[in-house]
Amino acid sequence: MKKILITGGAGYIGSHTAVALVNAGFEPIIIDNFSNSNKSALIGIETILGKALKCYEGDCNDKALMQRIFAENQFEGVIHFAAYKAVGESTQLPLKYYTNNIDSLLILLETMVDFGVKELVFSSSCTVYGQPDILPVSEETPRQEAESPYGNTKKICEDILRDYIKSGIASRVISLRYFNPVGAHPSGEIGELPLGVPNNLVPFITQTAVGIREKLTVFGSDYDTPDGSCIRDYIHVMDLADAHVKALEYLFRQKDNFYDLFNVGTGKGNTVLEVIKTFEKVSGKPLNYHIGPRRPGDIEKVWANTDKINKVLGWQAQYSLEDSLRDSWNWQQKLGERE
Ligand code: WQD
C-alpha cells in the first residue's frame, strides 16, 4: 500500500482527503501543527474509517522533524496542504505568511529530494487569478497581481514548483487551484472548524443559523451581477478530496519529469444571495442577514472553466450547492451536539 504524507492533514481539506485516500487504497500519514486545526479531526477520521491514521504533531518548517518522518516512512507521494490561509490576516502579518507558506514548501522539496520521493500534489488557489477578464476562468489565463500576501504566497509557490521541475529533476508535481471549498463529510464526523469569527461565507451562515452569530452581513449588493452580490464557485470538499486522489493517481502514471496545474471547481457560479436562499431551503430556517458595505479586497465574480481537469484527470464535481449546504448544516448541528 503506497504511503502518502499529508501535510496539514488534520485540516479541513486535508482530513477529507485523508479519508478519500484510504478509500482509494493508499496509506495516508499526517503531519500537522494544529495551528489551524483540531485533534478532534483525527477522531472524526477514525470514526469514519474504523481505524486511526498515523499522525505526527509538528511543523513542516522543522527540517529535523521532516528528515525523521521521511526516514521512518518510505513515502511514495506527498500532498501539501499545510499553510496559513486567512486572506485578511495575511495583509496584517505578511512576514508570517511568506515565512511559513514558502519555507515549508522549500523544506518539503529538499526533504523529498533527500529521500527520493518524486510525487507531489500542491494546494493552490483560484485567488492567483485575481479578477479575471474572461469567465469562466481557465488555467491559461494569466495570473493577476495577488490581492493579498496569502494569494502571493500561492503564486510564488507555483513558480517555485514550475522552476523545480524545469531544472529537469526526476519529480512529478501537480498544483490544484481550488475555488471556494464548502460542505462537510456527509457523516458529520469531519468538517470546517474555523478558529474564532469565520472569514468565509458558509461557516458564517451555519453559525448564524445555529445562533452562535447574531446575523450575517452580505458584503455588498451593488456589484455587476444578477442580484448585485458577488459570484463564487462553491465546490464540495468531498469533490475536492476526490480531485487530489485522481491527481495523485495520474502522477504515478507520468514520465519522470512532469508539472501541470488544474482548476478545481464546479464550473458554475452562485451569488451570495443565492447561497443564502439555498441554505434557507435545505435547512428550513430563515437566515438573519442584512446588506452591508463591500469588503475590501473582494473580487466581483469568478468561477472555473473545468474542461482541463474533466478531460485529463477524468474528474468532475458530483455534489451540488444544495448538497454542500446540507452537509455544512448537518456538520454545524453535530458540532453543537458535541459541545
Ligand atoms: C465568499 C463571498 C464575500 C463572508 C477566500 C480566499 C480563497 C479561499 C476561500 C483559502 C464573497 C461574501 C463572506 C461574510 C459575505 N481561501 N461574504 N459575508 O473571499 O471568495 O475566498 O476563501 O484557500 O483563497 O480568497 O471566500 O467565503 O470569504 O467569501 O458576504 O460574512 O461571500 O464578500 O463575495 P473568498 P469567502
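Above this note sits the structure.
Below: a short report on this structure. Counting from 1, residues in each chain are numbered in the order their sequence is written. Thresholds applied to this predicted model are a pLDDT of at least 70 for local features of residues and 80 or more for the giving and counting of side-chain atom pairs; totals over whole chains, interfaces and linings are not thresholded and use all residues. In computing side-chain values, all of the structure's heavy atoms are included and hydrogens and water are not.

## Here we look at the sheet that holds strand β6 (residues 172-178)
Now for step 1: A pair of strands is considered paired only if DSSP assigns at least 2 bridges between the two. Elements are defined by DSSP. Helices are runs of H or I of four residues or more, strands are runs of E of two residues or more, and each kind is numbered from the N terminus. Across the sheet, seven strands lie side by side as β3-β2-β1-β4-β5-β6-β11; this open sheet has parallel pairing. Because the sheet does not close on itself, it has two edges, and the strands there are β3 (55-57) and β11 (258-264). Strand-to-strand twist of the sheet, defined as the mean angle between neighbouring strand axes without regard to direction, takes the value 15 degrees.
Now for step 2: Pairing geometry for strand β5 (residues 119-125) and β6, over seven bridges, is parallel. Each bridged residue has a counterpart across the sheet, and for Phe122 the counterpart in β6 is Ser175.
Now for step 3: We call two residues in contact when some of their heavy atoms are within 4.5 Å. Here an angle of 0 to 180 degrees is reported between the N-to-C directions of two axes, which are lines fitted to C-alpha atoms, with helices fitted over the stretch in contact. Against the sheet, helix α3 (residues 63-72) makes contact with β1 (3-7), β2 (27-32), β3 and β4 (75-80), and its axis sits at roughly 165 degrees relative to β3, the strand it touches most.

## Some details on the site of the ligand
Now for step 1: One heavy atom within 4 Å of a molecule or strand makes the whole residue count as near it. Residues in close proximity to the ligand total 19 residues, the closest being Tyr150, Leu201, Thr217, Arg232 and Asp298.
Now for step 2: Any N or O atom pair separated by 3.5 Å or less is treated as a polar contact, with the protein-specific requirement of one donor-capable and one acceptor-capable atom, and with residues adjacent in sequence counted only for side-chain atom pairs. Between the ligand and Asn180 there is a distance of 3.0 Å, counted from an oxygen atom to a side-chain nitrogen or oxygen.
Now for step 3: A distance of 2.6 Å is found between an oxygen atom of the ligand and a side-chain nitrogen or oxygen belonging to Asp298.
Now for step 4: Computed on the free molecule, the ligand has an accessible area of 690 Å², of which 90% lies beneath the protein chains in the complex.
Now for step 5: Top contributing element to the shell around the ligand by residue count: strand β8 (residues 216-219), with four residues.
Now for step 6: Tallied by class, the residues present in the shell around the ligand amount to nine nonpolar, six polar and four charged. The accessible surface values rely on the Shrake-Rupley method and a 1.4 Å probe; as for residues, cover is taken only from the protein chains in view. For this classification, the nonpolar set comprises Ala, Val, Leu, Ile, Met, Phe, Trp, Tyr, Cys and Pro, the charged set comprises Asp, Glu, Lys and Arg, and every other residue, Gly included, is treated as polar.

## As for unusual backbone geometry
Now for step 1: Cis geometry marks the peptide bond from Leu135 to Pro136, where omega comes out at 0 degrees.
Now for step 2: The residue Phe34 is not glycine, and still its phi comes out positive at about 55 degrees.
Now for step 3: Along the chain, the position of Phe34 falls in the loop between β2 and α2 (40-49).

## Concerning the pairing of β2
Now for step 1: The buried count for β2 comes to five of six residues, which makes it a mostly enclosed element.
Now for step 2: Relative to β2, β1 is paired through five bridges, and the arrangement is parallel. Considered in β2, the bridge of Leu5 is made with Ile29.
Now for step 3: The path from the first strand over the helix to the second decides the hand: if it runs clockwise while the strands point away from the viewer, the crossover is right-handed. Tracing the backbone out of β1, into helix α1 (residues 12-23) and back to the parallel element β2 gives a crossover that is right-handed.
Now for step 4: Relative to β3, β2 runs parallel, the two being bridged by three bridges. When a residue's accessible area, from a 1.4 Å probe over protein chains only, is under 20% of the maximum for its type it is buried; when over 50% it is exposed; and in between it is partly exposed.

## Some points on the pattern of salt bridges
Now for step 1: By definition here, a salt bridge exists when the distance from a side-chain nitrogen of Lys or Arg to a carboxyl oxygen of Asp or Glu is within 4 Å. Per the counting criterion, the structure on display carries 21 salt bridges.
Now for step 2: Note that Asp256 is salt-bridged to Arg172, the shortest N-O span being 3.1 Å. Separated by 84 residues along the polypeptide, Asp256 in the loop between α8 (237-251) and β11 and Arg172 in strand β6 bring together distant segments of the chain.
Now for step 3: Since its relative accessible area comes to 9%, Arg172 is described here as buried.
Now for step 4: Ionic contacts of the salt-bridge type, sharing partners, join the residues Arg143, Glu158, Asp159, Arg162, Asp163 and Arg177 into one network.

## Overview of the packing of aromatic side chains
Now for step 1: Under the pairing criterion, centres of Phe, Tyr and Trp rings, with the six-membered ring standing for Trp, must be within 6.5 Å; the plane angle then separates stacked pairs below 30 degrees from edge-to-face pairs above 60, leaving the rest tilted. Counted according to the given criterion, the structure contains seven aromatic pairs.
Now for step 2: Between Tyr250 and Phe258, the aromatic rings sit 5.8 Å apart at their centres with planes inclined by 65 degrees, giving edge-to-face as the arrangement.
Now for step 3: By way of ring pairs, the aromatic residues Phe70, Phe75 and Phe115 are connected into one cluster.
Now for step 4: For the cation-ring pair, Lys39 lies above Phe34, with the distance from its terminal atom to the ring centre recorded as 5.3 Å.
Now for step 5: Positioned above the aromatic ring of Tyr84, the side-chain terminus of Lys96 is 4.6 Å from the ring centre. Whether a charge sits over a ring comes down to the Lys NZ or Arg CZ being within 6 Å of the ring centre and within 35 degrees of the ring normal.

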